[in-house]
Amino acid sequence: MVNGAPVAAEVEDRTLLVHFVRETAGLTATNVGCDTTSCGACTVLLDGESVKSCTVLAAQADGRQVTTVEGLAGPGGELHPMQRAFRAEHGLQCGFCTPGMVMASVSLLQENPHPTEAEVRAGLEGNLCRCTGYHNIVRAVLAAAELEVTGSAGPAEERAS
Amino acid sequence: MIPAPFSYRRADSVAEALDLITEYGDDGKFLAGGHSLLPLMKLRLAMPEVLIDLGPVRELSYIREEDGHIAIGALTRHHDLEHSELLARSVPLLAHAAGQVGDPQVRHRGTIGGSLAHSDPASDLPATVLALDATLMARGPAGLREIPAADFFQGLFETVLEPDELLTEIRVPVPAPDAAGWSFQKFTKRAIDWAIVGVAVQGRAVALVNMAGTPVRAAGVERALAAGAAPAEAAAHAAEGTSPGDDINASPAYREHLARVLVERALVEAQVV
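Source: prediction; values computed, not measured.

Visitor: So, the overall build of chain A: which residues are in play, and what are the values?
Guide: For chain A, the helix and strand inventory stands at 6 helices and 3 strands. Its helices and strands in sequence order give chain A the pattern α-β-β-β-α-α-α-α-α, from N to C terminus. For 161 residues, the compact-globule estimate of 2.2 N^0.38 gives 15 Å, and the C-alpha radius of gyration of chain A, at 15 Å, lies within 12% of that figure. The proportion of buried residues among the 161 residues of chain A is 49%. In chain A, 59% of the contacts between residues at least 6 apart in sequence involve partners at least 24 apart.

Below, the structure written as structure tokens:
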């Protein structure tokens, strides 16, 4: 299952999950960055937990739930609180790391809904931003934690509007 | 990068895994979390003909208290070790060290058994189980075998496991109250890197990461502690008997220096007296 929909395909045994997602499922938001389990650009959720899809075989995800950044928005296209927070806090520059950064952040808040700034930085240690936009990314995650708690637009979003 | 072609097989149980490895012999290789093996396969440093995926073998994922020790299934993930209340209470060194492996995504996939069987002396958990005097349980055609951690690691990527044996459980003795002090020190260039040098201390047991082809106990430090040496005095012996490598990160002399500094920090933090 990818983003809640079944995707069935016969693939070569050595197919990596990131290539399955991009080429077989046609979901190209997930990026291949370093291809060496370092940069986190290919981060997706596997059964709700962040993984680097360049280091998982597609076959290992057989029968499991894969979520990419395309699967975060609601049915009417309303953005996930993490996506809203990244936009409001300008948590991206070139955008290449953003899909992985957002997915790692969603996983982080699921495990720790009220992280400190230090916990956010430690929790995103597996995701690199070559633009070095880390400060706003961390602000975005903290703002998303606030959004999820209050369910409303926080001060950051008001500033942005 | 994509690994060289291989055949993928899936085992649903320990019994099935052992049947499959018997069937494929030297051509087969077990796949646990894949976070050591798949990167090596992408680089063509490993090219198994057949990968036997242990992912569905749920019976090897557990952490439970048994008679005087904690029994950990070999397929327990770093993430589960890191967040285990039982470990935090009884063997906090192991929970903490598991939380230092890689990054959260790696810890969601990587397993303790995979890390130990991979036998990379730069990894965190081999030295940790060595400091803890753990016993490793392996199952093969001849049955179940107990292997002390001190005998398990043979060299870079080499263990005493036979090709048809599967590491199934790690038994960690609960430290005695007078050996409860612990510390884990890891020196890296970047957050997610392997240790250039690391130190695991449990009581008066001191093990070093990346100071030889295998994880090693700092025997000179342990002897000095037994003779009543203070941390700084004992730590001066940290590099004795080691054979640190020379690579882009550090020279052997720098690694020896790091070992002395990190052992002293670890002994102070562990309040070893």
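The discussion continues.
Visitor: How would you summarise the domain arrangement of chain B if you had to cite specific residues and measurements?
Guide: Residues and elements named next belong to chain B. Considered domain by domain, chain B is made up of domain 1 (7-53), domain 2 (58-173) and domain 3 (179-270). A C-alpha centroid distance of 20 Å is found between domain 2 and domain 3. Those elements that provide at least two residues to the side of domain 2 that touches domain 3 are α5 (92-98), α8 (124-131) and β8 (153-155). Partitioned by chemical class, the residues of the side of domain 2 that touches domain 3 number 12 nonpolar, 7 polar and 3 charged.

Visitor: Could you give an account of the packing of helix α2 (residues 81-88) of chain A against helix α3 (residues 98-111) of chain A, with specific residues and numbers?
Guide: All names here are of chain A. As a packed pair, α2 and α3 sit with axes 10 Å apart at the nearest point and diverge in direction by 125°. With respect to each other, α2 and α3 are oriented oblique. Here α2 runs over α3; the crossing is right-handed. Residues Met82, Gln83 and Phe86 of α2 form the contact with α3, whose own contacting residues are Thr98, Val102, Ser105 and Val106.

Visitor: Kindly report on the interface of chain B and chain A, identifying the contributing residues and their values.
Guide: Taken together, the contacts link 22 residues of chain B with 24 residues of chain A. At 5 residues, helix α6 (residues 104-109) of chain B tops the list of elements feeding residues into the side of chain B that touches chain A. Its residues assigned to classes, the side of chain B that touches chain A shows 12 nonpolar, 7 polar and 3 charged.

Visitor: Tell me about the sheet that holds strand β13 (residues 205-209) of chain B, residues and numbers included.
Guide: Residue and element names in this part refer to chain B. With antiparallel pairing, 4 strands are arranged side by side in an open sheet as β11-β12-β13-β14. The open sheet has two edge strands, β11 (182-187) and β14 (216-217), and neither has a second partner. Of the pairings in the sheet, the one linking strand β12 (residues 197-202) to β13 comprises 5 bridges and is antiparallel in character. Its bridge partner being in β13, Ala200 is matched across the sheet by Ala207.

Visitor: Lay out the nonpolar core with the relevant residues and their values.
Guide: Grouped together as the largest cluster of nonpolar side chains are 84 residues, with contacts concentrated most on Leu94, Val201 and Val263 of chain B. If near-sequence neighbours (up to four positions away) are discounted, Val201 of chain B is found in contact with Ala131, Trp182, Ser183, Val206, Ala266, Leu267, Ala270 and Val272 of chain B.

Visitor: Talk me through the environment of Leu79 of chain A; I want residue IDs and the actual numbers.
Guide: Residues and elements named next belong to chain A. If you trace the backbone, Leu79 turns up in the loop between β3 (66-67) and α2. Put simply, Leu79 and Thr24 are 55 residues apart on the chain and 25 Å apart in space, counted from C-alpha to C-alpha. In this structure, Leu79 is in contact with Ala73 and Arg84, ignoring residues within four places of it in sequence.

Visitor: A description of the environment of Ile192 of chain B should follow, citing residues and the corresponding values.
Guide: Summarising the element assignment, Ile192 of chain B is placed in the loop between β11 and β12. Sequence separation of Ile192 of chain B and Leu60 of chain B is 132 residues, and the distance between their C-alpha atoms is 27 Å. When residues no more than four places from it in sequence are discounted, the contact partners of Ile192 of chain B are Ser38, Glu125 and Gly126 of chain A together with Gly102 and Asp103 of chain B.

Reading guide: rules and limits
- The residue numbering used here restarts from 1 in each chain and proceeds along that chain's sequence as written.
- Chain A is the first chain written and ligand 1 is the first ligand written, with later ones labelled in order.
- Two thresholds apply to this predicted model, a pLDDT of at least 70 for residue-level local features and 80 or more for giving and counting side-chain atom pairs, whereas whole-chain, interface and lining totals are computed over all residues.
- Numbering of helices and strands starts at the N terminus; helices are DSSP runs of H or I of at least 4 residues and strands are runs of E of at least 2.
- Both definitions apply: the radius of gyration is a C-alpha atom measure, and the globule rule equals 2.2 Å times residues to the power 0.38.
- Partly exposed residues are those whose C-beta has more than 12 but fewer than 20 other C-beta atoms within 10 Å; with 20 or more the residue is buried, with 12 or fewer it is exposed, and the C-beta atoms are placed from the backbone.
- Any pair of residues counts as being in contact when their C-beta atoms, constructed from backbone geometry, are within 7 Å of one another.
- For the domains described, the bounds stem from an automatic or database domain assignment.
- Just so you know the grouping, Ala, Val, Leu, Ile, Met, Phe, Trp, Tyr, Cys and Pro go in nonpolar, Asp, Glu, Lys and Arg go in charged, and all remaining residues, Gly too, go in polar.
- For helices, the axis comes from a line fit to the C-alpha atoms of the stretch in contact; other axes are also lines fit to C-alpha atoms, and the angle between any two N-to-C directions lies between 0 and 180 degrees.
- Roughly parallel covers angles under 35 degrees, roughly antiparallel covers those over 145, roughly perpendicular covers 65 to 115, and oblique covers all other angles.
- Here is the rule for handedness: rotate from the far helix to the near one, and if that takes an anticlockwise turn smaller than a right angle the crossing is left-handed, while a clockwise turn gives right-handed.
- Strand pairing is assigned whenever DSSP identifies at least 2 bridges connecting the two strands.
- To form a nonpolar core, buried Ala, Val, Leu, Ile, Met, Phe, Trp, Tyr and Cys residues must be joined through C-beta atoms within 7 Å.

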